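# Residue-level structure breakdown
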Amino acid sequence: MRAVVCGAGISGLSAAAFLSRNGWQVSVVDHAEGPRPQGYMIDFFGPGWQAAASLGILPRLRELGYQIQRLDYVARNGKARASLPFSGFAEVARGKLTSILRPDLELAIREMLPTAVELHYGRTVAAVGQSRDAVTVTLDDGMVHEADLLIGADGIHSVIREIVFGPEEEFFHYLGFQVGAYSFSDPELAERIGDRFAVTDTRNAAMFFYRLRDGSITAMAVHRTDNPALPDDPQALLRSRCRDLGWICPAALDRCPEDIYYDHVAQIRMPRWRTGRVVLLGDAAAAVSLLAGQGASLGMAAAYVLTEELNQHPGISSGLATFEARLRPLVTEHQKAGVSAAQWFVPATRGASFVRRSAIRLAKMPGMTRVISSAVIGKSGAAL
Ligand SMILES: Cc1cc2nc3c(=O)[nH]c(=O)nc-3n(C[C@H](O)[C@H](O)[C@H](O)COP(=O)(O)OP(=O)(O)OC[C@H]3O[C@@H](n4cnc5c(N)ncnc54)[C@H](O)[C@@H]3O)c2cc1C
């Protein structure tokens, strides 16, 4: 059996690894010139953990990852106003949690990719044709692949979704935020961040900081905006929206490099993830957003379940149907969790900030960590 995967992110690489191990011939194409360096911290736990174990990458994830002890909501002077015990959350997850930079998670999967998988950067899919027996995938360099299955794992702005299922607007649900992320070095700022995940306790916009083991800093800036249009100059917009957040924010914004990650905070909701021999996977099918905090984990889980179902069913169409039936309830639950986390993630009002701080203080009480984490940072307990 032969598969073409469009997108070499977490979902696409995982699908390539699982399918190849199960005897499929797999080609992966990605429009980026190489692995994307732009990173942000991911909390990896929940449904993808079993998939990562099955790929054999857990030791590598632990090596590349971080065990964050606490999340501090800091005032303008950097002092913690409220602390969320991450260690308690890890206990709830029975230790099956690591925080890891997105490029490092991709790296761990890429390192485990069977050599038989063909991985081509700098290419994308230009056209897709289907017959009863095959899917014909034409790449932008003119090359044509005949395959049994095409997997669109090309993220929230998927080209496969656009070509095969319809325009992005039909499925795209903007959640009212935009987000930028980048890394930089500044020993003095790193010292002030210390050994904690530090978040500004601010309204309508917030910056998140974590010091990495090489001393550099990973920063994320989130701001509320009713206008979903992405700016021409994300750095300038972040500077204007986040400069007055206080603490180290102005200095950190001065260190913002040219090439940053910047996008909407949004979900993809589709009535169907498959048609004929084409299936969407990960964010392309069902982005849950950073507010739900488990998109990467769900992408890996989806690749695992897809391979299992294709193995168990003789026909592609029944394998894809049972894959979707198994995964959809979990995705729907996480999408709901993401929507309800929106008001607490970056509060809009003084009252909401106050309620969030009070709720976080409750998290120290026995049994409350899961409930509060789920409500405040979207880490749904459902998958634990
Ligand atoms: C700031 C932030 C924080 C997050 N935190 C967490 C977290 O704590 N835990 C968690 O589990 N998830 C988290 N997520 C979500 C997670 O990052 C995504 O859900 C996950 O990366 C989705 O993986 P994917 O492989 O489906 O898509 P992507 O990561 O978007 O990968 C898509 C791939 O397809 C390629 N591609 C795109 N377009 C094309 C094209 N036209 N042709 C060919 N290739 C193409 C891209 O280059 C990329 O390699 C977070 C996301 C953000 C933005």
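The written sequence of each chain sets the order in which its residues are numbered from 1. Only residues with pLDDT of at least 70 are given local features in this predicted model, and only at 80 or more are side-chain atom pairs given and counted; all residues enter the totals for whole chains, interfaces and linings. With hydrogens and water set aside, each side-chain value is computed from the structure's full complement of heavy atoms.

Before going further, it helps to spend a moment on the side chain of Glu 168. In this text, helices come from DSSP runs of H or I with a minimum length of four residues, and strands from runs of E with a minimum of two, each type numbered from the N-terminal end. Mapping Glu 168 onto the fold places it in the loop between helix H6 (159–165) and strand E12 (172–184). Contacts of Glu 168, omitting those with residues within four sequence positions, involve Ile 156, His 157, Arg 161 and Glu 162. Contacts are assigned to residue pairs with any non-hydrogen atoms lying within 4.5 Å of each other.

With that settled, the discussion passes to helix H13 (residues 350–362). The end-to-end C-alpha distance of H13 is 19 Å, a good match for the 18 Å that 13 residues give at a rise of 1.5 Å each. Per-residue accessibility, obtained with a 1.4 Å probe over protein chains only, is compared with the maximum for each type, and a residue is labelled buried under 20%, exposed over 50%, and partly exposed between these values. Turning to H13, its buried residues number three or more, namely Ala 352, Ser 353, Arg 356, Arg 357, Ala 359 and Ile 360. Down the axis of H13, the buried side of the element spans an arc of 165°, and every buried residue falls inside it. Of the exposed residues in H13, the ones pointing more than 90 degrees away from its buried face are Arg 350 and Phe 354. For a helix, the expected span equals 1.5 Å multiplied by the number of residues minus one. Think of it as the arc spanned by the lines of direction from the helix axis to the C-beta atoms.

Time to look at the site of the ligand. Not every one of the 29 residues close to the ligand is listed here, only the nearest: Ser 11, Asp 30, Tyr 40, Asp 43 and Thr 124. Here a polar contact means two N or O atoms within 3.5 Å. Within protein one must be a hydrogen donor candidate and the other an acceptor candidate, and residues neighboring in sequence count only if both atoms are side-chain atoms. Interatomic distance of 2.8 Å between a side-chain N/O atom of Tyr 40 and an oxygen atom of the ligand. Here Asp 283 contributes a side-chain N or O atom positioned 2.8 Å from an oxygen atom of the ligand. When contributions to the shell around the ligand are tallied by element, the ones reaching two or more residues are helix H1 (10–21), strand E3 (41–45) and helix H11 (295–312). Three categories are distinguished: nonpolar for Ala, Val, Leu, Ile, Met, Phe, Trp, Tyr, Cys and Pro, charged for Asp, Glu, Lys and Arg, and polar for the others, with Gly belonging to the last. Of the residues assigned to the shell around the ligand, the class counts are twelve nonpolar, eleven polar and six charged. Proximity is defined per residue: any heavy atom of the residue falling within 4 Å of a molecule or strand makes that residue near it.

Further remarks concern the environment of Asp 254. With respect to the helices and strands, Asp 254 occurs in helix H9 (residues 249–254). For Asp 254, a relative accessible area of 48% corresponds to the partly exposed category. For the pair formed by Asp 254 and Arg 243, sequence separation is eleven residues and the distance between their alpha carbons is 9.3 Å. Of note is the side chain of Asp 254, whose polar atom sits 2.9 Å from the side chain of Arg 243.

Burial analysis of helix H5 (residues 102–111) places seven of its ten residues in the buried class, the great majority of the element. Structurally, H5 contributes buried residues whose contacts are with H1, E3, helix H2 (48–55), helix H3 (58–64), strand E6 (97–101) and H11.

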